[in-house]
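Residue-level structural notes
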Amino acid sequence: MQTGTFGTRYDDVIASPRMQRLYGVSGYFNVGYWTGGVTDLVAACDRMVDEVASAITPDARVVLDIGCGLGAGTQRIAQRLPRATVIGANVSLWQLRATRRRGPSAIATDAARLGIGSSSVDAIVALESALHFDTRDAFFAEAFRVLRPGGVLTMADMLFRDADVIGPWMVPPANRISGLAEYEERVCAAGFTDIASRDVTDVTWKPFCDAMGRVYGDEKAALRAIADSVSHYVFVTARRP
């Protein structure tokens, strides 16, 4: 997969009329965490960022948001951690420009080949982006390399029964695992410890698919296939020893 090609195709998905109707100008392109009475997609995305970022200690000084999208999540992390330098990272120049307009710094880099010095980062965030990286395992290895000892990797990620439903180009073959045990084994193989995964499909993917009904109209079969394609939506944290 060529990153430029992937970035351009992903830009087209985000900018599609259907997704624009769903997200508006929020700067999000995430599933969201529908807890605490949340019924609005943007509020659910805010809650998801807060939940994933809660694993980052307040004394963190450098935080990378890898696969930063349009920057709403990066901006919210920066607001939560005002003493930290929070940097978005992406292969899409369009998405990087959108992130910078929201305030955070943002760099062009491939998650599987990070152009960042070793042991230089306190926390790495990946919000629904690791499934796309070519490969997720290479990203885990790079995340381990650039994190300082004690640094945290914190993610929201998706595992699929049938990734072709959302588009064969979106999930590289090496990332097509469907079980949490294998997922944790791959994080461990990169060197991480204190690995914790939590299946939150019922309060993330399922209510998001309900929300998508607003823009899918009468395409009930397509929406049902999309809803059934995900086996697990997970929150994952791990630490570099």
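Up top you'll find the structure we're talking about.
Notes on the structure follow.

Conventions adopted
- Residues numbered from 1 in each chain as written.
- Predicted model: local features only at pLDDT ≥ 70, side-chain atom pairs only at ≥ 80, totals over all residues.
- Heavy atoms only, no water.
- Helix = DSSP H or I, 4+ residues; strand = E, 2+ residues; numbered from the N terminus.
- Rg over C-alpha atoms; globule rule 2.2 N^0.38 Å.
- Buried < 20%, exposed > 50% of the residue type's maximum accessible area, 1.4 Å probe, protein only.
- Axes fitted to C-alpha atoms, helices over the stretch in contact; angles between N-to-C directions.
- Parallel < 35°, antiparallel > 145°, perpendicular 65-115°, else oblique.
- Left-handed = near helix turned anticlockwise from the far one by under 90°.
- Contact = heavy atoms within 4.5 Å.
- Nonpolar A, V, L, I, M, F, W, Y, C, P; charged D, E, K, R; others polar.
- Pairing = 2+ DSSP bridges.
- 1 Å grid on protein atoms, 1.4 Å probe; cavity = no way out; pocket = protein on both sides within 12 Å on 5 of 7 lines; lining within 4 Å.
- Points joined across faces, edges and corners; volume = space filled by probe spheres on them.
- Core = buried A, V, L, I, M, F, W, Y, C linked by side-chain atoms within 4.5 Å.
- Salt bridge = Lys/Arg side-chain N within 4 Å of Asp/Glu carboxyl O.

Below, the discussion takes up the overall build of the protein. Helices and strands together make up the secondary structure of the protein, namely 9 helices and 7 strands. In terms of C-alpha radius of gyration, the protein reaches 17 Å, essentially the compact-globule figure of 18 Å for 241 residues. Overall, the C-alpha framework of the protein stretches about 50 × 40 × 40 Å when taken along its three principal axes. Sorting the 241 residues of the protein into buried and exposed places 52% on the buried side.

Let us now look at the packing of helix 3 (residues 41-53) against helix 4 (residues 72-80). Packing of helix 3 against helix 4 brings their axes to within 10 Å, and their N-to-C directions diverge by 55 degrees. When the axis of helix 3 is compared with that of helix 4, the two are oblique. The crossing of helix 3 and helix 4 is right-handed. Between helix 3 and helix 4, the residues in contact are Asp46, Val49, Asp50 and Ala53 and Gly73, Arg76, Ile77 and Arg80, respectively. Taken together, the residues of the contact of helix 3 with helix 4 sort by class into 3 nonpolar, 1 polar and 4 charged.

Spatially, the 7 strands line up as an open sheet ordered 3-2-1-4-5-7-6, and their pairing is mixed. The strands lining the two open edges of the sheet, one partner per strand, are strand 3 (105-108) and strand 6 (193-199). The sheet shows a mean angle of 20 degrees between the axes of neighbouring strands, taken without regard to direction. Pairing geometry for strand 4 (residues 121-127) and strand 5 (residues 147-160), over 6 bridges, is parallel. Bridging across to strand 5, alanine 123 finds its partner in valine 152.

Attention now goes to the packing of helix 6 (residues 136-146) against helix 7 (residues 180-189). In contact at an axis separation of 8 Å, helix 6 and helix 7 are set at 40 degrees when each is read in the N-to-C sense. For the element pair helix 6 / helix 7, the angle class is oblique. Every pair of crossing elements has a handedness; the one defined by helix 6 and helix 7 is right-handed. Counting all contacts with helix 6, which are made through Arg136, Asp137 and Phe140, the residues of helix 7 involved are Tyr183, Arg186 and Val187. Classifying every residue of the contact of helix 6 with helix 7 by side-chain character gives 3 nonpolar, no polar and 3 charged.

So, about the layout of surface pockets. Approximately 190 Å³ is the volume attributed to the second largest pocket. In this structure, the second largest pocket is lined by 14 residues; those nearest its centre are Gln20, Gly24, Gly27, Leu70 and Trp94. Looking at the lining of the second largest pocket, the elements with two or more residues in it are helix 2 (17-23) and helix 5 (93-101). Along the lines of polarity and charge, the residues of the lining of the second largest pocket split into 9 nonpolar, 3 polar and 2 charged.

Before going further, it helps to spend a moment on the nonpolar core. Ranked by internal contacts, the top residues of the largest apolar core, which has 54 residues, are Tyr23, Ile56, Val63, Trp205, Phe208 and Tyr233. When residues no more than four places from it in sequence are discounted, the contact partners of tryptophan 205 are Val31, Met158, Ile226, Ala227, Ser229, Val230 and Tyr233.

Residue aspartate 134 is joined to threonine 135 through a cis peptide bond whose omega torsion reads 10 degrees. For serine 119, which is not a glycine, the phi torsion comes out positive at approximately 55 degrees. By secondary structure assignment, the location of serine 119 is in the loop between strand 3 and strand 4. A positive phi angle, near 60 degrees, is found at glutamate 128, a position not held by glycine. Structurally, the position occupied by glutamate 128 is in the loop between strand 4 and helix 6.

For the rest of this paragraph, the subject is the pattern of salt bridges. Oppositely charged side chains can form a pair if their charged atoms are brought close together. The tally for this structure, following the rule as stated, stands at 13 salt bridges. Linking arginine 198 and glutamate 51 is a salt bridge whose minimum nitrogen-to-oxygen distance equals 2.7 Å. Note that arginine 198 is positioned in strand 6 and glutamate 51 in helix 3, a separation of 147 residues in sequence. The exposure class assigned to arginine 198 is partly exposed, which follows from its relative accessible area of 36%. Between arginine 176 and aspartate 164 there is a salt bridge; the shortest N-O distance is 2.7 Å. With arginine 176 in the loop between strand 5 and helix 7 and aspartate 164 in the loop between strand 5 and helix 7, this pair connects stretches of sequence that are 12 residues apart. Taking the relative accessible area as the measure of exposure, aspartate 164 reaches 40% and is therefore partly exposed. The network of salt bridges with shared partners includes Asp46, Asp50, Arg76 and Arg80.

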